[in-house]
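What follows is the residue order along each chain.
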Amino acid sequence: MTSSNEVQDVLDRLKSAQSRPLGDPRFRGLLGLEKSTFSQSASPTSGLTFYDLELGAKFLYPVMTPLRNMIPRVSGKGGVQAAWRAITAVNASNLRFGVSAANRGGTLAVAMQDYTATYKSIGVETSVDFEEQFAGQGFDDVRAIAAKTGLEALMIGEEAMILGGCSSGIGATPTPTLATEAAGGALAAQSWSVICAALTLDGVMNGSVAGGVQGQISRVNADGSTDSFGGGVAMKSAAAAISTTGSASVVKASVTPVSGAMGYAWFWGAAGAEKLGAITSINSVVIAAAATGPQTAASLGGADNSANPLAFDGLIYQALKPGSGATVYAMPTGTLGVGSKLTADSAGGVVEIDGVLRSMWENYRLSPDTMWVNAQEALSISKCVVSAASNSAQRFVFEAAHDLIGGGVMVRSYLNRFSMQGGNVIDIRVHPNMPAGSILMTSKALPYPLAGVGNVMQIRARQDYYQIEWPLRTRKYEFGVYSDQVLQNFFPPSMAMIVNIGSA
C-alpha cells in the first residue's frame, strides 16, 4: 500500500520537472526524447534501408519499323547484285490491229528493261565490359541486353534505309534568289550573304541548327578500320548577296527545288562567315534575325556529300530516280517561307493528291494502296477533307451515349476515284521517319493479270539477320549484328510522291 509520503514525493518531482527547460537531459529522458538507436536514413542508399529496385532494365525507346514489318523478305542466291528483266509495254509502237482480207497483221513491238540492285551489308556493334557483367549479376543479363539493343538498333536503322537510303546522291544546290523588306524582322543594315545546301532524308534526320549538318563522314569502326561516306548534304550553293537598311529588315530566300531534297539547310551572315540558321522542309526561308547555329558554311567544303555508297536506295530515291516512271509532283514555291499548301477541292478531296492518282491511272492503270506521311501532312490532309466547304462529302457516325463527346478529326484513309473498281481505298499511315513536306504512295500488288510479280516490293537477303560474338581480345565481350540485303521494287511506277509541301 502506497504511503502518503510516497505520493507526495511523486507530485514534488513532477512539479519540479515542469519548471525545467525542454533541453534538460533529465526531462528528455522522462518524456522519451532521447535519439533512437536506429532511425530511418534520409538517403535511399545508406543506413539499414531496403533498396526497392525492380529487377530487370526497362526499355523505354520506340522500335517503330512499319515498312520493315510489311515488306516480304526472301532469300538471295549469291552474286553481288539482284537482277531482273521486265516487259514494260506490249505495244510499244501503238500498232493498229485491223487486218485486210487474206493478209497477216502487223508485227508487235514490246518494250523491255533490265533492272539491278546491288547487295549491301548493314550492321552495328555492341560490347560489355567484364566488370559490367559482374556488376549486373542478380539484376539483369547485360550481355543479353547488348544483343537485344543491337538488333533493335539495326532494325531502326534498316527502316530508315528502306524509306530513304540514298546511294547515288542529289548533286548541287542552285544559287539562292534573294529579296529584302525593310520591316518585319531584326536584321541590321549591312550586306548579307546567303548559302543553301539541299539535304537527303539522311541529312534531315541527323541534322539540326544547334548540332549542324554532316558533310563527309569518316567513321572509325570497332575493328579499327575506317569508312568514309556522305552525310546527306548536297554540294552547297554559290553565295548570293543582298544589302538591308534600317534595323528591322528581313531577307527572303528561295532556290529552285532540288530533285531528291527532303530539306534545305540555310546559312547566312557576312560574306565568308555564313552560319547555319535554319533547316526547312520547303525550298524557301524568311531570314529575320542573325543565324544562331555554330556551324559555318565553309565547314561543308565544296563537294557533293549527299550519297552514301554503303547504303542501298530506299523507296523515296527509287521513286525519284530519273527514268523510274514513278509519278512525282513538286509543289510550287508559293509564298516565300510558307510554301504552297495542299488544296481542298470542296468535295472531300485534295487537289494535288487527286492529280497524282489520276496520272497513275491514266499512265499505268493502277492505284496505290498506302500513303506514307509525316504528322504535318496527316494534319493537312485532315483539314482539307473536313474543310467547311466540303462538309456535304463527309459521313459521321454518332454514338448515342450520355455525356460522351470527343474532339479532333483524323482522316485515316483516302478514296481513289480513278480505278476500274469505281473507287479504291488508300490507307493513310504516319511514318516515324517520313520528312515534313513530302508524301510517298506505295502499292503491295499490281492489277495486271499474270504479271509474274509475287511481291511488288521485297527485301532480298543473301544473309538475313545474324549475330557474331567475337573472340576475346580484351576483358570485354563484343557482339556484331548484321544483315546482307537489298531492297527490290519490281515496278517503280507503282509509287508516287508529292514533295515541297507547305505546312497547313
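Residues numbered from 1 in each chain as written. Predicted model: local features only at pLDDT ≥ 70, side-chain atom pairs only at ≥ 80, totals over all residues. Heavy atoms only, no water.

Chemist: Hey, could you go over the pattern of salt bridges for me, with residue numbers and the actual values?
Modeler: This model, assessed by the stated rule, comprises 15 salt bridges. Note that R219 and D227 form a salt bridge whose closest N and O atoms lie 3.1 Å from each other. What makes R219 partly exposed here is its relative accessible area of 38%. Exposure remark for D227: the relative accessible area of 25% places this residue in the partly exposed category. Across the pair D345 and R417 runs a salt bridge whose closest N-O atoms are separated by 3.2 Å. You can see D345 sitting in the loop between β14 (327–330) and α8 (351–364) and its partner R417 sitting in the loop between β16 (413–416) and β17 (424–430), a full 72 residues away along the chain. Beyond isolated ion pairs, a larger network of salt bridges with shared partners links R73, E158 and D464. (Salt bridge = Lys/Arg side-chain N within 4 Å of Asp/Glu carboxyl O. Buried < 20%, exposed > 50% of the residue type's maximum accessible area, 1.4 Å probe, protein only. Helix = DSSP H or I, 4+ residues; strand = E, 2+ residues; numbered from the N terminus.)

Chemist: Help me get a handle on a nonpolar patch on the surface, residues and values and all.
Modeler: On the surface, I87, V90, F97, L108, V110 and M112 cluster together to form a nonpolar patch covering roughly 650 Å² of accessible area. Within the secondary structure, V110 is located in the loop between β2 (81–89) and β3 (111–118). (Patch = residues over 30% accessible without salt bridge, like charges linked within 9 Å, V, L, I, M, F, W, Y side chains within 5 Å. Areas by Shrake-Rupley, 256 points an atom, 1.4 Å probe, with all protein chains shown as cover.)

Chemist: Report on the pairing of β17, specifying residues and quantitative values.
Modeler: If a strand is regular, its side chains alternate between the two faces of the sheet. Taken together, the 4 bridges between strand β15 (residues 370–373) and β17 define a ladder with parallel strand orientation. Each bridged residue has a counterpart across the sheet, and for V373 the counterpart in β17 is V430. Taken together, the 4 bridges between β16 and β17 define a ladder with antiparallel strand orientation. Along β17, the bridge assignment pairs S413 with D427. (Pairing = 2+ DSSP bridges.)

Chemist: So what's going on with the sheet that holds strand β9 (residues 240–243)? Residues and values would help.
Modeler: Taken in spatial order, the 4 strands of this open sheet run β9-β6-β11-β12, and their pairing is antiparallel. Of all strands in the sheet, those bounded by a partner on one side alone are β9 and β12 (275–280). Geometrically, the sheet is characterised by an average inter-axis angle of 30° between neighbouring strands, direction not taken into account. Relative to β12, strand β11 (residues 263–269) runs antiparallel, the two being bridged by 5 bridges. Bridge pairing links Y264 to T280 in β12. (Axes fitted to C-alpha atoms, helices over the stretch in contact; angles between N-to-C directions.)

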